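Fold and geometry: a report
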Amino acid sequence: MEMVKSITQSKSLYRYILVAGIVLVAMNLRPAITSIGPLVGMIQKDLGLVHWSVGFLTSLPLIAFAIVSPMVPKMAKILSNERSLILGLLSLVVGIIIRFVPITFFLFAGTLFVGIGIAICNVLLPVIVKEKFPNRLGLITSVYSTALSLMAAIGSGISVPLANGLNLGWKNSLIIWGIPVVAALLIWIFLDKRNNGTEESIKPSRSTGNQVWRSPLAWQIALFFGFQSFMFYVTVAWLPEIMVSRGVSLEMAGWLLSLTQLVGLPFSFIVPMIAGRFQSQQLLGFALSLCSVIGFAGLLWNISYEMMVLSSMFLGIGLGGCFPLALTFIGLRARDGRQASELSGMSQSIGYILAAIGPLFIGYLYDLTHQWTVPLISMIIISLLMIIFSMFAGRNKYIY
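To start, this report covers the structure provided alongside it. Each chain has its residues counted from 1, running along the sequence as written. The model is predicted, so local features are restricted to residues of pLDDT at least 70 and side-chain atom pairs to those at 80 or more, both for listing and for counting; the totals for chains, interfaces and linings are taken over all residues. Excluding hydrogens and water, the side-chain values take into account all heavy atoms of the structure.

1. Concerning the overall build of the chain
Strands here mean DSSP runs of E at least two residues long; helices mean DSSP runs of H or I at least four residues long; both are numbered from the N terminus. Tallying secondary structure elements over the chain gives 17 helices and zero strands in all. As defined in this context, the radius of gyration uses C-alpha atoms, and a globule is described by 2.2 Å times the residue total to the power 0.38. A globule of 400 residues ought to have a C-alpha radius of gyration of about 21 Å, and the chain, at 21 Å, matches this closely. Overall, the C-alpha framework of the chain stretches about 70 × 50 × 40 Å when taken along its three principal axes. Scored against the burial criterion, the 400 residues of the chain give a buried share of 54%. Relative to all contacts within the chain whose residues are 6 or more apart in sequence, the contacts with residues 24 or more apart total 84%. The method behind every accessible area is Shrake-Rupley, applied with a 1.4 Å probe, and residues are considered shielded solely by the protein chains displayed. Carbon and sulfur atoms provide 70% of the accessible area of the chain, an area that totals close to 17400 Å². Charge separation in the chain, taken as the distance between the mean sites of 25 positive and 13 negative side-chain charges, equals 8 Å. For every residue, the accessible area obtained with a 1.4 Å probe (protein chains only) is divided by the maximum for its type, and the residue is called buried under 20%, exposed over 50%, and partly exposed between those limits. Residue contacts are defined here by distance: any two heavy atoms, one from each residue, within 4.5 Å place the two residues in contact. In this count, Lys and Arg are taken as positive residues and Asp and Glu as negative ones, while His and the chain termini are left out. Charge placement uses NZ in Lys and CZ in Arg. For Asp and Glu, CG and CD serve respectively.

2. Details of unusual backbone geometry
Backbone geometry at Ser-80 places phi at a positive 95°, although glycine is not the residue there. Tracing the sequence through the fold places Ser-80 in the loop between helix 5 (72-79) and helix 6 (81-98). On the basis of relative accessible area, Ser-80 is assigned to the partly exposed category, the value being 24%. One non-glycine residue, His-370, adopts positive backbone phi at about 60°. Given a relative accessible area of 62%, His-370 falls into the exposed group.

3. Examining the environment of Phe-190
Among the structural elements, Phe-190 can be located in helix 10 (residues 178-194). We classify Phe-190 as partly exposed; its relative accessible area is 41%. Spatially, the C-alpha atom of Phe-190 lies 9.8 Å from that of Leu-18, the residues being 172 residues apart in sequence.

4. Brief notes about the packing of aromatic side chains
Pairing of aromatic rings covers Phe, Tyr and the six-membered ring of Trp, with a centre-to-centre limit of 6.5 Å; geometry is then stacked below 30 degrees between planes, edge-to-face above 60, and tilted otherwise. Per the stated rule, a full pass over the model turns up 10 aromatic pairs. Here Phe-227 and Phe-389 contribute two aromatic rings whose centre-to-centre distance is 5.8 Å and whose plane-to-plane angle is 35°, an arrangement assigned as tilted. Pair noted here: Phe-227 is in helix 12 (residues 216-245) and Phe-389 is in helix 17 (residues 373-393), with a separation of 162 residues, a long-range link. Comparing Phe-227 with Phe-389, the two get one shared label, buried. For the ring pair Tyr-366 and Trp-372, a centre distance of 4.4 Å and an interplane angle of 25° mean the geometry is stacked.

5. Comments concerning the packing of helix 5 against helix 7 (residues 104-132)
Packing of helix 5 against helix 7 brings their axes to within 10 Å, and their N-to-C directions diverge by 75°. Taken together, the axes of helix 5 and helix 7 lie roughly perpendicular to each other. For the pair formed by helix 5 and helix 7, the contact residues are Val-72, Met-75 and Ala-76 on the first element and Ala-119, Ile-120, Val-123 and Leu-124 on the second. Under the scheme applied, nonpolar residues are Ala, Val, Leu, Ile, Met, Phe, Trp, Tyr, Cys and Pro; charged residues are Asp, Glu, Lys and Arg; polar residues are all the others, including Gly. Classifying every residue of the contact of helix 5 with helix 7 by side-chain character gives seven nonpolar, no polar and no charged. Angles here are taken between N-to-C directions and fall from 0 to 180 degrees, while the axes themselves are lines fitted to C-alpha atoms, restricted in helices to the stretch in contact. Angle categories are assigned with fixed cut-offs, so that under 35 degrees is roughly parallel, over 145 is roughly antiparallel, 65 to 115 is roughly perpendicular, and the rest are oblique.

6. Remarks on the nonpolar core
In terms of nonpolar packing, the biggest core is built from 102 residues, with Ile-22, Val-25, Trp-188, Leu-299 and Tyr-352 touching the most fellow members. Broken down by element, this core gets its largest block of residues, 14 residues, from helix 12. Leaving out residues up to four positions away in the same chain, Leu-299 has contacts with Leu-239, Ile-242, Met-243, Arg-246, Met-308, Ser-311, Leu-315 and Leu-376. Definition used in this section: a nonpolar core is a set of buried Ala, Val, Leu, Ile, Met, Phe, Trp, Tyr and Cys residues joined via side-chain atoms within 4.5 Å.

7. Quick word on the pattern of salt bridges
Counted as salt bridges are all cases of a side-chain nitrogen of Lys or Arg within 4 Å of a carboxyl oxygen of Asp or Glu. With the rule as written, the count across this model stands at two salt bridges. The residue Glu-82 makes a salt bridge to Lys-132 at a minimum N-O spacing of 3.4 Å. Of this pair, Glu-82 sits in helix 6 while Lys-132 is found in helix 7, placing the two residues 50 residues apart along the sequence. Between Arg-83 and Asp-192 there is a salt bridge, with its nearest N and O atoms 3.1 Å apart. Here Arg-83 is found in helix 6, whereas its partner Asp-192 is found in helix 10, with 109 residues between them in sequence. Residue class for Asp-192 comes out buried when judged on its relative accessible area of 17%.

8. Describing the side chain of Ser-215
Within the secondary structure, Ser-215 is located in the loop between helix 11 (199-202) and helix 12. Within the structure, Ser-215 has its side chain in polar contact with the backbone oxygen of Ile-399 (distance 2.3 Å). Every residue in contact with Ser-215, bar those within four places of it in the chain, is listed here: Ile-399 and Tyr-400. N or O atoms within 3.5 Å of each other form a polar contact, as long as, within protein, one can give a hydrogen and the other can take it, and as long as residues adjacent in sequence are counted only when both atoms are side-chain atoms.

9. Here we look at helix 16 (residues 337-369)
Taking 1.5 Å of rise per residue, 33 residues should cover 48 Å, and helix 16 covers 47 Å from first to last C-alpha, within 8% of that figure. Fitting axes to the seven residues ending at a residue and to the seven starting there, one defines the bend at that residue as the angle between these axes. Taken as a whole, helix 16 carries its principal kink of about 30° at Gly-358; the proline Pro-359 stands between one and four residues after it. Taking burial as the measure, the 33 residues of helix 16 include 24 buried ones, the bulk of the element. Residue Asp-336 occupies the N-cap position of helix 16, its side-chain oxygen lying 3.2 Å from the main-chain nitrogen of Arg-338. Downstream of helix 16 by a residue or two, His-370 has a phi angle that is positive, lying close to 60°. Expected helix span is taken as 1.5 Å per residue step, with the number of steps being one fewer than the number of residues.

The following block contains the structure:
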């Protein structure tokens, strides 16, 4: 009896550590990227970067996401999910350390390693949640997606205070983000040694890695993931400029962008739990995507301060909820961990290709027309496409 109790307690402790490991990885998926933006001026001045190279520096992680994501399922099949995740964390911490060297080559090389590491972890987190917590998919996705969104905001928010307020400079401000990565790495090394494998994690895949690319439902999920990524990165890049063109100060525009992110945080937590309670998520996807339509339509048709605040809140609800919903689709529409791995790799590859294109495309439309009308109409159209693909992706069926 005592032995059974001891085994039960050991398994319970393992699961708590596993949840902590998942959350800690999620917390490291954005700060190494979002901390760069506010420090660009210091970096540019120190290293003498031209503007196009600064733009490439911010796009480099997204390009790495798009290229590396489809390769991750094959890597995980050879190494296991846990060891592949450890490899991703190693790449992330190496990239953060390399960027400490104040030479342009090392800044870009480090950022590339950061992008590769995050891409691996991006793909594998939904897979590990699917394998380890199939009956708690919504809850665990809620927890880790909220941690991801919160740390993304913190990463951009405290970079300048760390660099200027504490006199750390941009190099020390960036390398600080290596500390939580090392903590996550130690936990996952422990979990890998502790893990004895489960039937789910070792049973053969139902398909070859290429079959997912022939599934219409997989493409619908991937395009929903892609369009919400497109909208998120466009919003982060251009919403302040749109607000300034509507007559508010640059400082107030920054606060409105912060409002958008803060409003989205509770929806990052709530949406996966709601999605997990229903067989179909069509209504949920429709409602969240419609919020994006309303937000951009408000910016197009009314330039009052009150409407800008209201539009920011609608955008926060829509974009804050669609990202965790897209992650939840990966778990819900896959039969097992192997399918989830393939679907995650495909969705995130397509998603981050569109994410990299989005800000450039909208910026190009503005350069052509010298006003925000056409770009805003384009964003409304993309939001309508999100509605369409959320209705397809939300159906109660598996990818094949």
